[in-house]
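Chain and residue survey
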Amino acid sequence: MFALVDGNNFYCSCERVFQPRLQGRPMVVLSNNDGCAIARSDESKQLGIKMGAPFFQIKDLERTAGLVALSANFTLYGDMSARMMSLAAEMGPEQEIYSIDESFIGLAGVRKTEITQRAWDTRTKILQWTGIPTCVGIGSTKTLAKLANYIAKTTDRKPGSYPVRLGKVCNLVDLNDRQRRLLYENTAIGEVWGIGRRISKQLESSGVETIWQFMQLDAGTVRSRWSVVLERTWRELHGQSCISIEEAAAKKEIAHTRSFGHPVTEITELASAITEFATRAAAKARKQNSNVGQVLVFARTSPFRVKDTQYSRSIVVPLSRPCADTLQITSAALAGLKRLYKPGINYCKAGVMLLDLQDAAIHQSELGLFDIEDAEKSKRLMKAIDAVTDRFGHGSIQLGAALLGKKKWEKRQERRTPHYTTSLAEVAIARA
Ligand SMILES: [Mg+2]
């Protein structure tokens with residue numbers, strides 16, 4: 001049995017904890033340079049604001065509908081997340097943090113009759129201690145827990161969609177077959193975890209629109225017509241657990257991309273950004289013990305600056321030998337940048353993606369005799385860099401190229417709320 005504890009409109013909820021006046025008002029949180037909406041409250045969803053909507057397109061709503069738009073305050077969200085996660089962890093013996101506001105709780109050993117009450121207690125405690133509202137979904141597999149969470153959330157958000165008693169906490173295991181069937185018949189297949197838009201379109205065109213209809217197919221058909229992955233989802237919906245806790249494997253690619261605060265045209269400035277992205281990405285690769293085979297670098301203009309000459313290009317640079325060395329990864333990224341750079345262009349977004357990741361432990365044993373010395377040297381240097389970064393923070397030790405540009409590309413955050421919980425200078429002040 002699994003529970004999924006998920007923060008409602010998480011970024012917006014974090015902001016509301018410290019600004020209760022935002023309660024009930026339409027609000028959005030903007031991406032790192034105030035470019036577009038990355039989180040929406042229920043009220044702003046009702047205004048028709050779409051995920052990723054460019055800010056300039058919805059700015060009018062500040063005046064006409066009382067919309068509040070804030071810069072993302074990731075320091076605050078990260079900290080609130082840690083608090084929420086530590087409370088959620090109390091619900092069962094195992095926890096897998098799935099995203100900044102979602103964690104799966106493994107419920108092995110918890111008595112079945114106690115689970116629903118436990119979920120309510122956890123929810124109440126998180127709300128009282130942190131101010132973050134959550135929904136809890138419970139099922140016999142992770143896919144079902146995720147589905148139950150969707151039902152718990154949607155029941156509140158869209159009254160009439162499901163029976164009221166399934167709101168906030170939904171335990172599918174407590175229901176009988178008939179009740180469950182009714183839910184599955186009333187839920188589109190596209191709402192199932194792992195079924196993307198492409199697959200759900202394919203399913204729909206062959207007459208499979210609801211979860212119930214999908215479950216009536218047989219496993220063999222699902223596998224042969226679609227994939228083993230979809231078959232796994234089918235089995236999970238039937239209550240056969242295929243995705244265990246902590247199975248979330250190391251990521252297959254690592255990306256570090258950013259929109260710039262202002263358009264960038266000079267190559268030195270782009271190089272400074274790319275150097276920093278590559279440095280961060282390389283550190284992530286080392287953290288998950290991966291070696292990198294290919295480095296992708298891209299830069300592009302903004303489709304919203306219609307008068308600018310549009311340009312978008314990405315280049316993949318293979319490394320001569322897979323590694324997780326910041327120097328090699330960065331010089332590959334910079335070599336790619338040199339090839340794609342065109343003067344006179346207003347670049348608005350760029351990024352580095354590390355591809356072709358391989359287990360560093362396996363790779364080590366394949367090194368030739370003469371490579372080993374180089375590899376050892378690099379490893380010691382990276383260890384030192386990581387130690388400095390861990391202790392003094394990102395940017396405390398940098399490659400020279402990162403300092404060349406004037407950092408105009410760095411994020412613009414004119415609307416950020418204070419770091420309430422992590423900086424004494426910015427702590428909330430109560431006035432009588
Ligand atoms: Mg959420």
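In the annotation of an unreviewed UniProt entry, the entry for the protein reads Y-family DNA polymerase, and the organism field reads Lampropedia aestuarii. For the record of the protein, the UniProt heading Sequence similarities (unreviewed entry) holds the text "Belongs to the DNA polymerase type-Y family."

**Looking at the packing of helix H7 (residues 142-157) against helix H12 (residues 228-237)**
Close contact between H7 and H12 brings their axes to 7 Å; oriented N to C, the two are set at 70°. The angle between H7 and H12 falls in the class roughly perpendicular. Taking contact as the criterion, the partners of Lys 142, Thr 143, Leu 144 and Leu 147 in H7 are, on H12, Thr 233, Glu 236 and Leu 237. A breakdown of the residues in the contact of H7 with H12 according to their chemical character gives three nonpolar, two polar and two charged.

**Let's talk about the coordination of the magnesium ion**
Within the protein, Asp 6 (OD), Gly 7 (O) and Asp 101 (OD) serve as the donor atoms for the magnesium ion, at 2.1 to 2.4 Å. Take Asp 6: its relative accessible area is 6%, and that puts it in the buried class.

**Looking at helix H13 (residues 267-287)**
Since the α-helix advances by 3.6 residues per turn, residues separated by three or four positions end up pointing in the same direction. Taking 1.5 Å per residue, 21 residues should reach 30 Å; H13 reaches 30 Å between its end C-alpha atoms and fits that length. Of all 21 residues in H13, 15 are buried, a share of seventy percent or more. After H13 finishes, the residue Asn 289 shows a positive phi value of roughly 60°.

**Concerning the sheet that holds strand E9 (residues 254-264)**
Note: strands within a sheet are paired through backbone hydrogen bonds, in either parallel or antiparallel orientation. The four strands are arranged E9-E12-E10-E11 in an open sheet whose pairing can be described as antiparallel. At either margin of the open sheet sits one strand with a lone partner, and together these are E9 and strand E11 (312-323). Between one strand axis and the next, the sheet turns through 15° on average, direction left out of account. Judged from the 10 bridges that link them, strand E10 (residues 290-300) and strand E12 (residues 347-359) form a sheet pairing that is antiparallel. For Asn 291, the partnering residue across the bridge sits in E12 and is Gln 358. Set on the sheet, H13 makes contact with E9, E10 and E12; between it and E9 the angle comes to about 160°.

**Topic: the pairing of strand E2 (residues 27-30)**
Here E2 shows a buried face lined by Met 27 and Val 29 and a second buried face lined by Val 28 and Leu 30. Two elements, E2 and strand E4 (residues 68-71), share four bridges in a ladder whose sense is parallel. In the sheet register, Val 28 faces E4, and the bridge partner there is Ala 69. The pairing of E2 with strand E3 (residues 37-40) spans three bridges and is antiparallel. Directly across from Val 29, in E3, lies its bridge partner Ala 39.

**Some remarks on the packing of aromatic side chains**
On inspection of all chains with the given rule, the structure shows six aromatic pairs. Cluster of aromatic residues (ring-pair linked, three or more members): Phe 10, Tyr 11 and Tyr 77. Note that Lys 125 overlies the ring of Trp 129, its terminal NZ or CZ placed 4.6 Å from the centroid.

**Regarding the domain arrangement of the protein**
Once the domains are mapped, the protein shows domain 1 (2-174), domain 2 (177-237) and domain 3 (254-403). Between the C-alpha centres of domain 2 and domain 3 the distance comes to 39 Å.

**As for a nonpolar patch on the surface**
A contiguous nonpolar surface patch, about 350 Å² in accessible area, is contributed by Leu 424, Val 427 and Ile 429. Here Ile 429 shows up in the segment after helix H16 (371-392). Here Ile 429 falls in the exposed class, since its relative accessible area comes to 63%.

**Things to note about the sheet that holds E2**
A sheet is described by the order of its strands in space; here three strands give the open sequence E3-E2-E4, paired in mixed fashion. Across the chains shown, the open sheet's two edge strands, defined by having one partner strand only, are E3 and E4. Taking each pair of neighbouring strands and ignoring which way they run, the sheet shows an average axis angle of 30°. Together, E2, E3 and E4 form the strand contacts of helix H1 (residues 10-18), whose direction differs from that of E2 by roughly 105°.

**Observations regarding the environment of Phe 104**
Of note, Phe 104 is situated in strand E6 (residues 102-106). Measuring from C-alpha to C-alpha, the distance between Phe 104 and Ile 274 comes to 35 Å, with 170 residues separating the pair along the chain.

**What to know about the nonpolar core**
A general tendency of soluble globular proteins is for nonpolar side chains to be buried together. In this structure, Val 295 and Leu 354 are the most contacted members of the largest nonpolar core, which totals 33 residues. Among the elements of the structure, E9, H13, E10, E11, helix H14 (326-340) and E12 are those that each provide at least two residues to this core. Per element, the largest residue contribution to this core is nine residues, and it comes from H13. Those residues within four positions of Val 295 in sequence are excluded, and the remaining contacts are Ile 315, Val 316, Val 317, Leu 319, Ile 329, Ala 332, Ala 333, Val 352, Met 353 and Leu 354. Core analysis: the next-biggest nonpolar cluster, separate from the first, contains 32 residues, Leu 87, Ala 88, Leu 107 and Val 136 among them.

**With respect to unusual backbone geometry**
For Asn 9, which is not glycine, the phi dihedral falls at a positive 40°. If you trace the backbone, Asn 9 turns up in the loop between strand E1 (2-7) and H1. Even without being a glycine, Asn 289 presents a positive backbone phi close to 60°. Mapping Asn 289 onto the fold places it in the loop between H13 and E10.

Parameters at a glance
Residues numbered from 1 in each chain as written. Predicted model: local features only at pLDDT ≥ 70, side-chain atom pairs only at ≥ 80, totals over all residues. Heavy atoms only, no water. UniProt positions renumbered as here; feature names shortened; annotations may be inferred. Axes fitted to C-alpha atoms, helices over the stretch in contact; angles between N-to-C directions. Helix = DSSP H or I, 4+ residues; strand = E, 2+ residues; numbered from the N terminus. Parallel < 35°, antiparallel > 145°, perpendicular 65-115°, else oblique. Contact = heavy atoms within 4.5 Å. Nonpolar A, V, L, I, M, F, W, Y, C, P; charged D, E, K, R; others polar. Donors = N, O, S within 2.8 Å, 3.2 Å for Na, K, Ca; no water. Buried < 20%, exposed > 50% of the residue type's maximum accessible area, 1.4 Å probe, protein only. Expected span 1.5 Å × (residues − 1). Pairing = 2+ DSSP bridges. Phe/Tyr/Trp six-rings, centres within 6.5 Å; stacked < 30°, edge-to-face > 60°. Lys NZ or Arg CZ within 6 Å of the ring centre and 35° of its normal. Domains from an automatic or database assignment. Patch = residues over 30% accessible without salt bridge, like charges linked within 9 Å, V, L, I, M, F, W, Y side chains within 5 Å. Areas by Shrake-Rupley, 256 points an atom, 1.4 Å probe, with all protein chains shown as cover. Salt bridge = Lys/Arg side-chain N within 4 Å of Asp/Glu carboxyl O. Core = buried A, V, L, I, M, F, W, Y, C linked by side-chain atoms within 4.5 Å.

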